[in-house]
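Overview (structure and organization)
Listed below, chain by chain, are the residues.
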Amino acid sequence: MSETDYCELCDLPESQCIHGRPPAPPAPTPPAKRPAKPTTRVRKSTTSTAASAPKVVTKSAPRKWTPPAAFAPLILEVLESAGGSMSADAVLDELEAQLADSLLPGDFETTPEGELRWRYAARRARQKLLTEGLMTKGSPGIWQLP
């Protein structure tokens, strides 16, 4: 081996020396991912107005059954007329009498547990009234106002 084979800075052979080697090329960077496209559908207007923007179309299906929020004010009304306390079955019977004409056909279907859907919705409305403080838990089977 000759003198030119050794590095002057570290006294190592140039094949092992970091001073005699060129720097390693930088690692390639992966391409940036594109953001996901929104799934909102846009319908273009068929009328030709210069300033019209595309309209967003939202589909709403007709309701199959009455939502629990529709029962809440009626439950409070029934309890107020009964003096603030009533059995759960009596409240539900009174609700059925008042809503006989406005209940939807789907309200008379049963839940997987076998309960009528409108009764299930009324019980859910009671739970919301309890959390809002508009009703209190009474004895089992008794619904009451605070």
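Since this is a predicted model, take the numbers as computed values, not measurements. (Residues numbered from 1 in each chain as written. Predicted model: local features only at pLDDT ≥ 70, side-chain atom pairs only at ≥ 80, totals over all residues. Heavy atoms only, no water.)

1. A few points about helix H3 (residues 117-132)
Heads up, the rule is: Counting from the N terminus, the helices are the DSSP runs of H or I reaching at least four residues and the strands are the DSSP runs of E reaching at least two. Under the convention used throughout, the expected extent of a helix is 1.5 Å for every residue step, that is, one less than its residue count. Residue exposure (1.4 Å probe, protein chains only): buried if accessible area is under 20% of the type maximum, exposed if over 50%, otherwise partly exposed. Residues count as neighbours in contact if any of their non-hydrogen atoms are within 4.5 Å of one another.
Here H3 is 16 residues long and its end C-alpha atoms lie 23 Å apart, about the 22 Å a rise of 1.5 Å per residue gives. Residues of H3 that are buried include every one of Trp118, Arg119, Ala121, Ala122, Ala125, Arg126, Leu129 and Leu130, and no others. Structurally, H3 contributes buried residues whose contacts are with helix H1 (72-81), helix H2 (88-98), strand E4 (136-137) and strand E5 (142-144). Just beyond H3, the residue with positive phi is Gly133, at close to 85°.

2. What about the packing of aromatic side chains?
Heads up, the condition is: When two rings of Phe, Tyr or Trp (its six-membered ring) have centres within 6.5 Å they constitute a pair, described as stacked for plane angles under 30 degrees, edge-to-face for angles over 60, and tilted for the intermediate range. Note on criteria: charge over ring means Lys NZ or Arg CZ within 6 Å of the ring centre, with the direction from the centre no more than 35 degrees off the ring normal.
Inspection of the entire model under this criterion finds one aromatic pair. Between Arg117 and the ring centre of Trp65, over which it is positioned, the NZ or CZ distance is 4.2 Å.

3. Notes on the environment of Gln98
One can find Gln98 in helix H2. Distance in space between the C-alpha atoms of Gln98 and Val78 is 9.7 Å, their sequence separation being 20 residues. In contact with Gln98, other than residues within four places in its own chain, are Leu74, Glu77 and Val78.

4. With respect to the sheet that holds E4
How we decide: The pairing criterion is simple: DSSP has to find at least two bridges between the two strands. Interaxial angle, 0 to 180 degrees, is taken between N-to-C directions of lines fitted to C-alpha atoms, where a helix line uses only the stretch in contact.
Strand order in the open sheet formed by three strands is E3-E5-E4, with antiparallel pairing between adjacent strands. Looking along the sheet, the strands with just one partner apiece sit at the ends: strand E3 (85-87) and E4. Two elements, E3 and E5, share three bridges in a ladder whose sense is antiparallel. From the neighbouring strand, Met86 faces E5, where its bridge partner is Trp143. Its contacts with the sheet place H3 against E4 and E5, and it is angled at close to 45° to E5.

5. Notes on the pattern of salt bridges
Defined as follows: In what follows, salt bridge is the name for a side-chain nitrogen of Lys or Arg lying within 4 Å of a carboxyl oxygen of Asp or Glu.
Taken as a whole and assessed by the stated rule, the structure comprises four salt bridges. For the salt bridge of Arg117 with Glu109, the shortest nitrogen-to-oxygen distance reads 3.9 Å. Overall, the relative accessible area of 21% leaves Arg117 in the partly exposed class. In this structure, Lys128 and Glu132 form a salt bridge, with 3.7 Å as the shortest nitrogen-oxygen distance. Note that Lys128 and Glu132 are positioned in helix H3 at a spacing of four residues, about one turn of the helix.

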